[in-house]
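Survey of secondary and tertiary structure
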Amino acid sequence: MNFILRILITGISTYYISSFFPWWSIIFIPFILGLIFDDNYISHFLSSFIGVSVSWFFLLLGMEYQTEAILSSKIIQILNINSTNSLIIISAVIGGIVSGLSSITALALVNIFRKKKDKRDYRFN
Amino acid sequence: MKNKVLFIFLTLLTSSTVFVLNNEFSNIPPLGKFLNPYNGFWTNSEIDQRKVFENISLKNLKDSVIVQYDSMLIPHIYSNNDEDLFYAQGYLTALHRLWQMEFQIKAASGELSEIVGARAFKRDREQRRKGITYAANRTLNKSISDSKTYKLLSSYVDGINDYIENLNYKSYPIEYKLLNYKPEKWTLLKTFILMESMSDMLSNRDMDIEDTYLLSILGEKKYNLLFPEYNNKIKPIVPSGTKFNFNISKIDPPKNKFFKNALPSTISKHDKDNGSNNFAISPIKSKDGSSFLASQPDLSLNLPSIWYIVHLNSPNYNTMGASLPGAPGVIIGFNDNVAWGETNATRDVVDWYKVEFKDHSRSEYRYGDKWLKTEKIIEEIKIKGEKSFYDTIFYTHYGPIVYDENFNSNQQKENYAMRWIAHDESVEYKTFLLLNKAENIFDIESALKFFHGPAQNFAYATKQGDIGITIAGKFPVKWEGQGKFVLDGSNPEHEWNGYIPYEHSLSLRNPESGFVSSANQHPVDKSYPYYYYSHNYEMYRGRRLFERLESLDLISFEDVKKIQNDNFSYKAFEALPIILPMVDTLKLDKEEKKYYNSIKNWDYFSNPNLSDPSLFVTWWRKIRQKLWDEFDTMQYSYRKPNSFVTTEIIKNNKDFEFYDNISTTNKESIDDIINQSFLEATDSLNNWKETNNKKDISWKNFKKTSINHLLNIKSFSKYNVEVGGYRNILNAASERHGPSWRMIVRLNKNDKTKAWGVYPGGQSGNPGNNNYFGEIKNWGKGNYKELLFNQSHIDNKGKVIYEKTYYNK
């Protein structure tokens with residue numbers, strides 16, 4: 001449940017990021033979620049990865065549909081990529097990796113403090 | 001501890017991933033920045049033009065302005081004063097063409113390496129050494145002393161800058177995102193650099209250094225035979241036999257006028273096909289009593305197009321036509337009363353002076369019995385991803401020393417200063433601002449007084465029924481032969497002798513023939529009292545144009561269109577009757593015979609679907625290669641005789657020392673050359689068919705006209721455009737070069753002025769806009785569109801796709 005909730009929060013908030021912010025502002029929400037939710041590294045990475053890449057995927061798909069791939073069909077030749085679909089997937093994966101990394105960084109930060117607390121608890125016992 | 005390490009590791013990993021994706025590495029754009037859906041390249045797609053126009057924000061207006069766009073995306077600007085008019089022109093041009101505007105300036109001023117890296121270094125250094133920015137600064141200083149011109153130019157600059165100010169990464173043109181840089185502020189200087197780059201493109205092609213070398217090896221007699229200045233077949237712009245009502249005393253050439261010098265290589269030259277054609281037809285020669293003006297500038301075919309079409313309307317102006325993105329007003333166009341167009345006058349306005357320094361400090365050079373001081377300028381060439389390169393350039397009173405011990409000099413480390421008319425201060429901008437609002441032929445003629453260069457043949461027609469042509473520009477007075485070869489910078493007798501006064505310039509008004517025309521040919525025959533010269537006068541198009549116009553009567557719009565799209569190869573018409581009979585048909589096999597019979601029956605029209613033009617061009621190229629192979633062994637920069645001379649020599653000489661092919665032991669005759677070339681040509685055409693998997697060698701497929709993006713990005717370019725013609729043909733579309741704007745204007749006393757035009761490209765310079773390739777297809781086929789041209793915006797209703805009024809806030 002926790003996992004799916006995180007995907008939804010990441011996905012929806014990423015979808016509505018303004019074009020005035022730099023692209024890497026996608027790292028903030030996963031970072032905050034990494035701080036808040038208690039889960040393991042793999043689960044955090046995946047939830048952020050899926051949230052952002054699916055969000056980007058649909059954003060790009062929508063734009064492609066609206067613009068009839070007028071520009072992406074030219075860009076793939078410059079970047080040497082075989083189809084516009086691949087380009088969309090590559091873009092989405094890039095977004096996913098960056099946000100996934102961000103969420104587990106937050107988790108690692110939390111874990112520094114958590115372990116300390118655990119130790120203290122142990123001593124009290 | 002383990003968690004701390006993990007945290008530090010992940011922090012570094014995340015931030016370095018973001019860093020890597022936010023920066024450019026070895027020419028791959030910053031992927032995160034470039035591919036993200038918020039402001040990456042995807043947002044540059046423009047399918048709905050209205051959405052593009054909705055972002056227009058003209059915020060520094062003095063009064064209200066109405067902007068309309070027609071279906072070709074031509075902006076129609078209706079303003080209440082001239083400042084607002086040019087402000088809006090600047091803004092709207094930048095809206096469609098900002099990247100191109102800035103890129104062209106960077107290219108002209110030699111700052112491309114800053115953007116694209118070391119691959120532009122050689123070019124940048126040449127531009128610096130030619131002193132383009134130096135020239136622009138001088139023209140700028142002179143032009144702003146005219147306060148009216150200054151005001152209008154500044155409004156235009158403000159318009160561009162207000163557009164730039166509105167931009168953020170999302171709205172940067174795609175090329176900025178690809179190369180990962182930002183638009184800079186526009187300046188008046190940049191507008192003048194643009195004008196100098198036109199001068200560079202059109203007037204900075206010379207062969208003085210090459211010819212100096214050729215003269216020294218060939219000797220005067222042979223040199224003059226291979227590179228003649230004039231031929232009686234030429235139809236000059238001002239017809240032969242024209243009497244001049246002035247006389248000047250000829251200057252005697254000094255005793256020592258020639259040098260024996262050579263340079264291993266000279267700076268890059270602009271395309272020799274940079275030319276054009278224009279003509280005007282008087283009402284007496286037209287079907288419906290209209291006068292016609294047709295103008296067709298032949299330039300490199302690029303995307304975004306060099307031209308941007310605008311319609312400018314204010315109480316002072318109502319003008320339309322082709323403008324240069326980066327410069328206000330209209331360059332080739334019309335208003336309700338007059339129409340004008342330019343072709344390059346080609347005349348030699350660049351000379352080279354050999355300079356002798358006093359000592360190694362290079363601070364002084366000899367001039368007569370004195371020593372003059374040089375001015376030292378250090379140019380910093382910034383190179384993306386590398387250290388800057390510093391180039392020291394010395395300026396003499398002639399101009400910059402282009403070749404010296406640091407750059408392209410010969411073993412003797414000689415120095416050559418460039419004397420180029422474009423380095424002089426001038427006010428040509430005024431000419432266009434005056435032309436745009438000219439009302440009659442007198443207005444035009446007096447506007448041309450201010451035009452210094454690049455020297456152009458201005459043809460014009462008026463509503464009153466007058467036509468004319470003036471070869472406008474600043475021309476030095478020279479002694480016979482001066483500046484054909486390298487001059488002696490230490491000899492004051494080698495200086496230019498002032499300038500030809502405007503009253504003595506070449507001009508025709510309402511000639512009896514009922515037409516005027518030009519196509520980069522000789523301006524006049526040798527009876528003109530002043531010495532003139534160019535190594536590059538065109539030998540074919542001018543004659544074809546003249547003969548077409550001479551033979552036609554009751555000319556209509558359709559006739560004019562036919563002339564602009566005329567595919568007749570005058571070169572083939574003159575050469576084939578000489579070389580075809582020399583082919584030994586008995587030795588041809590079946591297929592070769594087929595080629596032979598086909599070309600024998602060819603009517604010399606280079607139409608896109610014929611195979612004969614492909615054969616002729618290949619055959620002729622091989623003939624010239626074999627005939628002039630002696631030149632290929634030369635160790636310094638040289639040029640070869642042109643096609644016209646080649647034809648004349650084959651026609652008039654059964655025996656000629658250059659006929660022999662020096663790579664064989666036999667002594668070849670001209671028949672051998674022609675026959676061998678024919679067989680080689682058919683061979684190479686057969687090979688072409690095989691490699692391209694085609695059954696025939698239609699001219700359009702063989703010629704492969706392409707219109708390339710300025711960065712040569714393939715998917716931003718159009719290849720294999722279907723279009724006829726070739727170089728030396730009126731429809732001058734060659735591989736990468738051709739008519740960059742076809743315009744026809746009809747002016748009639750009793751009717752509204754009508755105009756038609758088409759150019760190979762679109763108004764929008766954005767490869768993501770569906771207008772980007774624009775009218776390329778129609779251009780190739782010679783389909784023109786009538787231009788929407790009304791004095792009042794109300795008459796445009798129903799014919800525009802967008803309209804908005806902007807108010808002074």
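Residues numbered from 1 in each chain as written. Chains lettered and ligands numbered in written order. Predicted model: local features only at pLDDT ≥ 70, side-chain atom pairs only at ≥ 80, totals over all residues.

Digging into the overall build of chain A
Definition in use: Only DSSP runs of H or I with at least four residues qualify as helices, and only runs of E with at least two residues qualify as strands; both kinds are numbered from the N terminus onward. The globule rule is 2.2 Å times the number of residues to the power 0.38, and the radius of gyration it is compared with is taken over C-alpha atoms. Buried residues are those with 20 or more other C-beta atoms within 10 Å of their own C-beta, exposed residues have 12 or fewer, and partly exposed residues lie in between; C-beta atoms are placed from the backbone. A pair of residues counts as a contact when their C-beta atoms, built from backbone coordinates, are within 7 Å of each other.
A tally of helices and strands in chain A yields five helices and zero strands. In sequence order, the secondary structure elements of chain A are arranged as α-α-α-α-α. For a compact globule of 125 residues, the expected C-alpha radius of gyration is about 14 Å, and chain A comes in at 18 Å, more than 25% above that figure. Oriented by its inertia axes, the alpha-carbon framework of chain A measures out at about 65 × 25 × 25 Å. Burial statistics for chain A: of 125 residues in total, 42% are counted as buried. In chain A, the share of contacts with a sequence separation of at least 24, taken over all contacts with a separation of at least 6, comes to 78%.

Let's talk about the overall build of chain B
Along chain B, the regular secondary structure elements total 22 helices and 28 strands. Taking 28 Å as the expected radius of gyration for a compact globule of 809 residues, we find that chain B reaches 28 Å, a close match to that expectation. Seen through its principal axes, chain B has C-alpha atoms that stretch 85 × 80 × 70 Å. Relative to all contacts within chain B whose residues are 6 or more apart in sequence, the contacts with residues 24 or more apart total 71%.

Focus on the sheet that holds strand β9 (residues 338-344) of chain B
The strands making up a sheet associate through backbone hydrogen bonding, with each pair oriented either parallel or antiparallel. Residue and element names in this part refer to chain B. How we decide: By definition, two strands form a pair when at least two bridges between them are found by DSSP. To define axes, lines are fitted to C-alpha atoms, for helices over the stretch in contact only, and angles between the resulting N-to-C directions are given on a 0 to 180 degree scale.
Taken in spatial order, the 10 strands of this open sheet run β20-β18-β17-β9-β8-β7-β6-β2-β1-β28, and their pairing is mixed. One side of each edge strand has no neighbouring strand; the edge strands of this open sheet are β20 (507-509) and β28 (800-806). Pairs of neighbouring strands in the sheet enclose a mean axial angle of 15°, with direction left out of account. As paired strands, strand β18 (residues 467-472) and β20 are joined by three bridges and run antiparallel to one another. For Ile469, the partnering residue across the bridge sits in β20 and is Leu508.

Thoughts on the nonpolar core
Looking at soluble globular proteins, one finds that nonpolar side chains tend to be buried together. Residue and element names in this part refer to chain B. We apply this condition: A set of buried Ala, Val, Leu, Ile, Met, Phe, Trp, Tyr and Cys residues, joined to one another through C-beta atoms within 7 Å, is what we call a nonpolar core. An automatic or database domain assignment is the source of the domain bounds shown.
The biggest cluster of nonpolar side chains holds 192 residues, and the ones touching the most others in it are Ala280, Phe292, Leu293 and Tyr460. Counting residues per element, this core draws most heavily on helix α4 (residues 82-109), which supplies 15 residues. Residues lining this core come from more than one domain, with at least three contributed by each of domain 2 (49-568 + 705-809) and domain 3 (570-604 + 611-697). Those residues in contact with Leu293 that lie beyond four places of it in its chain are Ala280, Ala339, Trp340, Gly341, Ala459, Tyr460, Ala461 and Val745.

Points about unusual backbone geometry
With the exception of glycine, most residues fall at negative phi, and the peptide bonds are largely trans. Leu303 of chain B connects to Pro304 of chain B through a cis peptide bond whose omega is -10°. Positionally, Pro304 of chain B belongs in the loop between β5 (302-303) and β6 (308-313). In the segment running from Gly453 of chain B into Pro454 of chain B, the intervening peptide bond is cis, with an omega of 0°. Looking at where Pro454 of chain B falls in the secondary structure, it is placed in the loop between α13 (441-447) and β17 (456-462). Although it is not a glycine, Asn80 of chain A adopts a positive phi angle of roughly 60°.

Here we look at the interface of chain A and chain B
How large an interface is tends to be reported as the accessible area lost when its parts come together. Contact with chain A, which involves 34 residues of that partner, is made by 36 residues of chain B. Contributions of two or more residues to the side of chain A that touches chain B are made by α3 (41-67), α4 (72-79) and α5 (84-124) of chain A. By residue number, the principal contributor to the side of chain A that touches chain B is α5 of chain A, which donates 14 residues.

Focus on the sheet that holds strand β10 (residues 350-355) of chain B
All names here are of chain B. Here four strands make up an open sheet; going across it, the order is β15-β16-β10-β19 and the pairing mixed. Edge positions in the sheet fall to β15 (401-403) and β19 (487-488), since each has one partner strand and no second. Inspection of the sheet shows β10 paired to β19 by two bridges, in the parallel sense. Paired with Lys354 across the two strands is Asp488, which belongs to β19.

Focus: helix α8 (residues 147-165) of chain B
Residues and elements named next belong to chain B. Let me state the cut-off plainly: A helix's residues, less one, multiplied by 1.5 Å, set its expected span.
Taking 1.5 Å as the rise per residue, α8 with 19 residues should run 27 Å; its terminal C-alpha atoms sit 26 Å apart, in good agreement. All of the buried residues along α8 are Leu152, Leu153, Ser155, Tyr156, Val157, Gly159, Ile160 and Tyr163. Against the buried residues of α8 lie α4, α10 (188-203) and α12 (428-435).

Comments concerning the domain arrangement of chain B
Domain boundaries in chain B define domain 1 (1-35), domain 2 (49-568 + 705-809) and domain 3 (570-604 + 611-697). The gap between the C-alpha centroids of domain 1 of chain B and domain 3 of chain B is 62 Å.

Examining the pairing of β18 of chain B
Residue and element names in this part refer to chain B. In terms of residue burial, β18 counts as a mostly covered element, since six of its six residues are buried. Residues Ile467, Ile469 and Ile471 of β18 are buried on one face, and the alternating residues Gly468, Thr470 and Ala472, pointing to the opposite face, are buried as well. Remark: four residues form the turn of the hairpin made by β17 and β18, two consecutive strands paired antiparallel; Gly465 in that turn has positive phi of roughly 100°.

Some points on the packing of helix α1 (residues 2-15) of chain A against α3 of chain A
All names here are of chain A. Using the following cut-off: We call a crossing left-handed when the near helix sits turned anticlockwise from the far one by less than a right angle, and right-handed when that turn is clockwise. All residues other than Ala, Val, Leu, Ile, Met, Phe, Trp, Tyr, Cys, Pro, Asp, Glu, Lys and Arg, Gly among them, are scored as polar; the first ten of these are nonpolar and the last four charged.
Between α1 and α3, the shortest axis-to-axis distance is 8 Å and the interhelical angle comes to 35°. Considering the relative orientation of α1 and α3, their crossing is right-handed. Of α3, the residues touching α1 (which contributes Phe3, Arg6, Ile7, Thr10, Gly11, Thr14 and Tyr15) are Ser43, Ser47, Ser48, Ile50, Gly51, Val52, Val54, Ser55 and Leu59. Class assignment for the residues of the contact of α1 with α3 results in seven nonpolar, eight polar and one charged.

What about the environment of Lys285 of chain B?
Residue and element names in this part refer to chain B. Inspection of the secondary structure assignment puts Lys285 in the loop between β3 (275-281) and β4 (291-300). Through-space distance from the C-alpha of Lys285 to that of Leu552 is 8.1 Å; in sequence the pair is 267 residues apart. Residue contacts for Lys285: discarding those within four places in its chain leaves Gly514, Phe515, Asp553 and Ile555.

Here we look at the environment of Arg125 of chain B
All names here are of chain B. One can find Arg125 in helix α6 (residues 121-130). When the 21 C-beta atoms within 10 Å are taken as the criterion, Arg125 is described as buried. Those residues in contact with Arg125 that lie beyond four places of it in its chain are Gly110, Ile381 and Asp391.

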